[in-house]
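# Observations on chain architecture
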Amino acid sequence: MDLKIVLLGPPGCGKGTQAERLVAEMKFTKISTGDLLREGVRLGTPLGLEAKGYMEAGRLVPDELVIGLIKEKLAVTHGPVLLDGFPRSLEQARSLEKLTRIDMAVDIQVNEDKLVHRIVMRRSCKSCGAVYHLEFSPPKHADKCDKCGGELYQRSDDTEQTVRARLKTYKDQTLPVSQFYREKGVLHTVDGEGSIPQVYERIMNTIKKG
Ligand SMILES: [Zn+2]
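Residues numbered from 1 in each chain as written. Predicted model: local features only at pLDDT ≥ 70, side-chain atom pairs only at ≥ 80, totals over all residues. Heavy atoms only, no water.

### Describing the nonpolar core
Residues Val6, Leu8, Ile31, Ile70, Leu83, Leu96 and Tyr181 are the most contacted members of the largest nonpolar core, which totals 26 residues. Counting only elements with at least two residues in this core, the list comes to strand E1 (4-8), helix H2 (33-43), helix H4 (63-75), strand E3 (81-84), helix H5 (90-99) and helix H7 (160-183). Other than its neighbours up to four places away in sequence, Ile31 contacts Leu36, Ile70, Lys73, Leu74, Val81, Leu82, Leu83 and Asp84. Leu7, Cys13, Val116 and Met204 belong to the second largest nonpolar core, which has 23 residues in total. (Core = buried A, V, L, I, M, F, W, Y, C linked by side-chain atoms within 4.5 Å. Buried < 20%, exposed > 50% of the residue type's maximum accessible area, 1.4 Å probe, protein only. Helix = DSSP H or I, 4+ residues; strand = E, 2+ residues; numbered from the N terminus. Contact = heavy atoms within 4.5 Å.)

Here's what the structure looks like:
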């Protein structure tokens, strides 16, 4: 099976954690823009170097470049694929559709006030980017990454005000994306409230039902 799934959901919905479980337990290959850019820069591929130029200049990496990186990654990937954090806009969804067929878009939905609570409790690893939550997925040792021992910190933009602004931006950009997949008949919404295993089970059931 070479299922290609797009995982949608607002910041703080637990998407990253769920994606990691799908990778670990279902052998999905996760393709996320952030990882692709970091990998491209690290390997020094032509597209990676181009992206590096934009990032160093503090500019947004253009869609065509990101699509190029996704194309390269898909070419060397076998088995089921999970796209996390892409597409974020209708334009990106259309470009992606030209590149490959998306079998399913899974949209994780959580009430906004709960999202705000989730995000302000979030901590990230300075070294590897792993994300923890002080309540739902706390690190084994305070302020230390379970995976690499790196230092954990709270992103300066994880405050209530910036979170609400981010959620609004997300909604404005991503509603057209879910609408796009709904029209294609591949959109599935999943209730993102409850524990990580509960949400994971809902996602699994959704994927199994297709
Ligand atoms: Zn780490």
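That shown, we press on.
### Some details on the coordination of the zinc ion
Each protein donor to the zinc ion is listed here as Cys125 (SG), Cys128 (SG), Cys145 (SG) and Cys148 (SG); together their distances run 2.3 to 2.4 Å. Motif for the zinc ion, donor spacing along one chain: C-x2-C-x16-C-x2-C. The class for Cys125 is buried, based on a relative accessible area of 4%. (Donors = N, O, S within 2.8 Å, 3.2 Å for Na, K, Ca; no water.)

### Side note on the sheet that holds strand E8 (residues 187-191)
As a general point, the strands of a sheet are linked pairwise by backbone hydrogen bonds and lie either parallel or antiparallel. Taken together, the 5 strands give an open sheet; going across it, the order is E2-E3-E1-E4-E8, and neighbouring strands pair in parallel fashion. Of all strands in the sheet, those with a lone pairing partner are strand E2 (29-32) and E8, marking the two edges. On average, adjacent strands in this sheet sit at an angle of 25° to one another, irrespective of strand direction. With 4 bridges connecting them, E2 and E3 associate as parallel partners. Directly across from Lys30, in E3, lies its bridge partner Leu82. Contacts between H7 and the sheet are confined to E1, strand E4 (104-109) and E8, with E1 contributing the most and set at about 145° to the helix. (Pairing = 2+ DSSP bridges. Axes fitted to C-alpha atoms, helices over the stretch in contact; angles between N-to-C directions.)

### So, H4
With 13 residues, H4 extends 18 Å between its outermost C-alpha atoms, agreeing within 8% with the 18 Å of an ideal straight helix rising 1.5 Å per residue. Those residues of H4 that sit buried are Leu65, Val66, Ile67, Gly68, Leu69, Ile70, Lys73 and Leu74. The inward-facing, buried residues of H4 contact E1, E2, H2, helix H3 (46-56), E3 and H5. (Expected span 1.5 Å × (residues − 1).)

### Focus: the pattern of salt bridges
Scanning the model with the defined rule gives 21 salt bridges in all. Arg164 is paired through a salt bridge with Asp113; the nearest N and O atoms lie 3.0 Å apart. Of the two residues, Arg164 is situated in helix H7 and Asp113 in helix H6 (residues 112-120); the sequence distance between them amounts to 51 residues. Where Arg155 meets Asp157, a salt bridge forms, and the shortest distance between an N and an O atom there is 3.1 Å. Using a relative accessible area of 29% as the deciding quantity, one classes Arg155 as partly exposed. By relative accessible area, which is 28% here, Asp157 ends up partly exposed. (Salt bridge = Lys/Arg side-chain N within 4 Å of Asp/Glu carboxyl O.)

### Observations concerning the side chain of Ser178
You can see Ser178 is positioned in helix H7. From its side chain, Ser178 meets the backbone oxygen of Leu175 in a polar contact 3.2 Å long. (Polar contact = N/O pair within 3.5 Å; in protein donor to acceptor, adjacent residues only side chain to side chain.)

### Comments concerning the packing of H2 against H4
Where H2 contacts H4, the two axes come as close as 10 Å, and the packing angle between them is 80°. Viewed along their axes, H2 and H4 adopt a mutual orientation that is roughly perpendicular. Here Thr33, Leu36, Leu37 and Glu39 of H2 come into contact with H4, specifically with Val66, Leu69, Ile70 and Lys73. Split by residue class, the contact of H2 with H4 holds 5 nonpolar, 1 polar and 2 charged. (Parallel < 35°, antiparallel > 145°, perpendicular 65-115°, else oblique. Nonpolar A, V, L, I, M, F, W, Y, C, P; charged D, E, K, R; others polar.)

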